[in-house]
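Architecture and fold: a report
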Amino acid sequence: MLKAMAKDAGFLKHKRITNHSVRKLLVQKLQNANIPPTETMAITGHKNVQSITNYSNISVEQQQK
């Protein structure tokens, strides 16, 4: 189902899209938008703050630079 959704959204075929990569991207985008960790956890289903802080070391924008 995720592959079909990625295709419909126009993602490039050579990029590897997984549930984990989408979840990580979402956490990073929420943190970049200054969404509080508790709200991020409610959206993503994470059980504790530490699990989302593991995603936030380097944002996608920083990696692209």
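Each value, and the rule that gives it
Residues numbered from 1 in each chain as written. Predicted model: local features only at pLDDT ≥ 70, side-chain atom pairs only at ≥ 80, totals over all residues. Heavy atoms only, no water. pLDDT = per-residue confidence, 0-100. Helix = DSSP H or I, 4+ residues; strand = E, 2+ residues; numbered from the N terminus. Buried < 20%, exposed > 50% of the residue type's maximum accessible area, 1.4 Å probe, protein only. Contact = heavy atoms within 4.5 Å.

For the protein, an unreviewed UniProt entry supplies the name Tyr recombinase domain-containing protein and the organism Dreissena polymorpha.

Further remarks concern the confidence of the model for the protein. On average, residues of the protein score 79 in pLDDT, and 80% of them are at 70 or above. Across the protein, the element-wise mean pLDDT spans from 56 in helix H5 (residues 60-64) up to 92 in helix H3 (residues 37-44).

Let us now look at the environment of Phe 11. With respect to the helices and strands, Phe 11 occurs in the loop between helix H1 (2-9) and helix H2 (19-32). When its relative accessible area of 47% is taken as the criterion, Phe 11 is described as partly exposed. Filtering out sequence-adjacent residues up to four positions away, Phe 11 remains in contact with Ala 6 and Ile 17.

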